[in-house]
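Residues per chain, in single letters:
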Amino acid sequence: RHGNGLDGTTGHAGYHGHDIQPVSQSRLVGTLTDLQKGSLETVTLPGIDTHGFDPGTVHVLQQIRSAPLVSQSHPMDILTLDIVALLFDVIFKDPDFPISLRAEIGKLQIPMLKVALMDKGFFANKLHPARKLLDMIASVAVGWNNDDQSRLLREIRDIIETLIATFDNDIGVFADQVERLEAFIDAEEQHAAKNTEAIATEMEKRDLKEFAQRTADSEIEHRLRSGRLPAEIVDFLKDSWRLALIGNLLRGGKDSDQWIGALQTMDDLIWSVAPKHNSDERNRLTAMLPELLERLRAGLESESLDAGWQAFFSVLIRLHMETLHADAESALDAVDDNQTAVDEQTAPIDPQAETAIDTNTTAPPANKADDAESDRYMELAKGLQIGSWVEFRTKHGKQSLRLSWVSGMRGVYLFTNRNGMSALSVAVIRLADHLRKGAARVHRPDDLTERALKSLLGKQPSKSGTQPA
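So, here is what we can say about the structure in this document. Predicted model only: the values in this text are computed from it and were never measured.

What counts as what
The residue count restarts for each chain, going from 1 along the sequence in the order it is written. Thresholds applied to this predicted model are a pLDDT of at least 70 for local features of residues and 80 or more for the giving and counting of side-chain atom pairs; totals over whole chains, interfaces and linings are not thresholded and use all residues. As a convention, hydrogens and water are excluded, and side-chain values are obtained from all of the structure's heavy atoms. Throughout, an axis means a line fitted to C-alpha atoms (over the contacting stretch in the case of helices), and angles, computed between N-to-C directions, take values from 0 to 180 degrees. Where helices and strands are cited, they refer to DSSP runs of H or I of at least four residues and of E of at least two residues respectively, numbered from the N terminus. Should an angle fall under 35 degrees it is called roughly parallel, over 145 degrees roughly antiparallel, and 65 to 115 degrees roughly perpendicular, with every other angle called oblique. Left-handed describes a crossing in which the near helix is turned anticlockwise from the far one by less than a right angle; the clockwise case is right-handed. The contact criterion used throughout is that any non-hydrogen atoms of two residues lie within 4.5 Å. Residues are grouped as follows: Ala, Val, Leu, Ile, Met, Phe, Trp, Tyr, Cys and Pro are nonpolar; Asp, Glu, Lys and Arg are charged; every other residue, Gly included, is polar. Between any two strands, pairing holds if DSSP finds at least two bridges. Between the first and last residue of a helix there are one fewer steps than residues, each counted as 1.5 Å, and that sum is the expected span. In this scheme, a residue with accessible area under 20% of its type's maximum is buried, one over 50% is exposed, and one in between is partly exposed, where area comes from a 1.4 Å probe on protein chains only. Polar contact criterion, stated in full: a pair of N or O atoms within 3.5 Å, where within protein one must be able to donate a hydrogen and the other to accept it, and residues adjacent in sequence count only if both atoms are side-chain atoms. The salt bridge criterion pairs a side-chain nitrogen of Lys or Arg with a carboxyl oxygen of Asp or Glu, the two atoms within 4 Å.

The subject of this paragraph is the packing of helix α11 (residues 279–302) against helix α12 (residues 309–325). Interhelical geometry of α11 versus α12 gives an angle of 165° and a closest axis separation of 12 Å. The angle between the axes of α11 and α12 places the two elements in the roughly antiparallel class. The way α11 lies across α12 gives a crossing that is right-handed. Together, Arg 282, Leu 285, Thr 286, Leu 289, Leu 293, Leu 296, Arg 297 and Leu 300 of α11 and Trp 309, Phe 313, Leu 316, His 320, Thr 323 and Leu 324 of α12 make up the contact between the two elements. Across the contact of α11 with α12, the residue classes break down as nine nonpolar, three polar and two charged.

Right, let's get into the side chain of Arg 402. Following the sequence through the fold, Arg 402 ends up in strand β2 (residues 397–406). For Arg 402, the residues in contact, after removing those within four places along its chain, are Glu 189, Ala 192, Gly 387, Ser 388, Trp 389, Leu 414, Phe 415, Thr 416, Asn 417 and Arg 418.

A regular strand places its side chains on the two faces of the sheet in alternate fashion. Relative to β2, strand β1 (residues 389–394) is paired through six bridges, and the arrangement is antiparallel. Residue pairing in the sheet places Val 390 in a bridge with Leu 401 of β2. In textbook terms, the turn of a hairpin is the stretch between consecutive antiparallel strands, and for β1 and β2 this stretch comprises two residues. Bridge count for β2 against strand β3 (residues 412–416) is four bridges, and the pairing is antiparallel. Considered in β3, the bridge of Leu 403 is made with Phe 415.

Look at α11: 34 Å from first C-alpha to last across 24 residues, which is about the 34 Å you get at 1.5 Å a residue. Listed in full, the buried residues belonging to α11 are Leu 285, Met 288, Leu 289, Leu 292, Leu 293, Leu 296, Gly 299 and Leu 300. Looking at the buried side of α11, the elements it contacts are α9 (231–252), α10 (257–272) and α12. Structurally, the start of α11 carries an N-cap: the backbone nitrogen of Asp 280 is 3.1 Å from a side-chain oxygen of Asn 278. Directly beyond the C-terminal end of α11, a positive phi value near 60° is found at Ser 304.

Working definition: the strands of a sheet are paired by backbone hydrogen bonds and lie parallel or antiparallel to each other. With respect to topology, five strands assemble into an open sheet ordered β4-β3-β2-β1-β5, the strand pairing being antiparallel. Here the strands that pair on one side only, and so sit at the sheet edges, are β4 (424–427) and β5 (440–442). Strand-to-strand twist in this sheet, taken as the mean axis angle between neighbours without regard to direction, amounts to 35°. Against the sheet, helix α8 (residues 172–224) engages β2, β3 and β4, with an angle of about 70° to β2. Lying on the sheet, helix α15 (residues 428–437) is in contact with β1, β3, β4 and β5; it crosses β4 at an angle near 90°.

A few words now on helix α5 (residues 109–118). With respect to burial, α5 is a largely interior element, nine of its ten residues being buried. Those residues of α5 that sit buried are Gln 109, Ile 110, Pro 111, Met 112, Leu 113, Lys 114, Val 115, Ala 116 and Leu 117.

For the rest of this paragraph, the subject is the environment of Met 266. As for its position among the elements, Met 266 is in helix α10. Sequence separation between Met 266 and Arg 295 is 29 residues; the distance between their C-alpha atoms is 9.8 Å.

Attention now goes to the pattern of salt bridges. A complete count under the given rule lists 32 salt bridges for this structure. Between Asp 168 and Lys 37 there is a salt bridge, and its shortest N-O distance comes to 2.4 Å. Residue Asp 168 is located in the loop between α7 (146–166) and α8, and its partner Lys 37 is located in helix α1 (residues 25–37); the two are separated by 131 residues in the primary sequence. On the basis of relative accessible area, Lys 37 is assigned to the partly exposed category, the value being 33%. Between Asp 375 and Arg 436 there is a salt bridge whose closest N-O contact spans 2.7 Å. Of the two residues, Asp 375 is situated in the loop between α13 (351–354) and α14 (376–382) and Arg 436 in helix α15; the sequence distance between them amounts to 61 residues.

Right, dumping it as structure tokens:
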């Protein structure tokens, strides 16, 4: 077995093709174990030149395949070797494969070949511990920042080195390393969940606040459109009572008694200063005034605005007196001649000022959502689930982030890295546009080995996976 051997030649004078005997699977597996563990002096596979042999080389399986005796192995073993070699070739070319792990995963080629030779269920069973370990290593390497990635690489390196040192014929060692990696991932996920929860909670608060502001403004605008009101009432509604509405909505929600009561109080206030056309209306006003005044004062106190109550109370008393003792036309005397049209659109809340926490993109105004193009990229963006990974491409490079939270009110997504940090919020419309322009790419949801096997079998629909071409 002297000579380079990897190209099918030999330097030994008595080594000829017709002298080669078929290699049994047990002998082949034994030789692979020696190569795996670096016990090169005991390698008994003719045609393998152990000088400078590196079991972690990307093309190590092709090197083994070129050994003359391997070509004389059982056809099924040769086919298995070919499939595993192609499998790793596809894996290394997979766009979702972390380049930082190429060297480490390369060391698993020989162990994976041994598993495939000994257990034909390796290809059919998605939950096979050897496949699961490979898939987990590939998936967990996505989304780390530079500072924390070294900790992950140390863990993966230790797992692979342990497997290489201990794996002879017992496939159970893969299950042991799967459990070890799962424990590591669980600990990291718990830490990330705390970080993400803090960010998501803050975004949710901002979301609710913006929703409450928009809702309060809409309710006030609707009522101001219905008719002319005294300038003092318009100012009060747009200023003090707007804050009361927002506070009640935030505390109780749209179905709460406090929100419904705040709206009713606003309606009663507006009616109270409107012209009264008969005695029944004037009697009704007289009867409701004490309770109305109490509700108004309580609403202001709930937002710590009661300091301005006395001044507004004095104005309100004057308006009510005019309403009670004047005819219908006199009720309009209090209208400020300089009052601008109250049916003017209330300025929308700037979502950038309230909610944006990302550095690359912010949510567009909510009223733009209905105008977004409904296409496959929008469908892809809307179809993302919590936990989906997206690769964002900027002038600073690529960064893979995980969808961690979705705003049910504004259609805004929160993406974070593996540690629950590096937060990026983006509106679904913008995300669809990024996907359309190639500035973002969705990581494929299926496992690495499954994608590779589908590709080998010609079942992969496109190179871009779940993202439309």
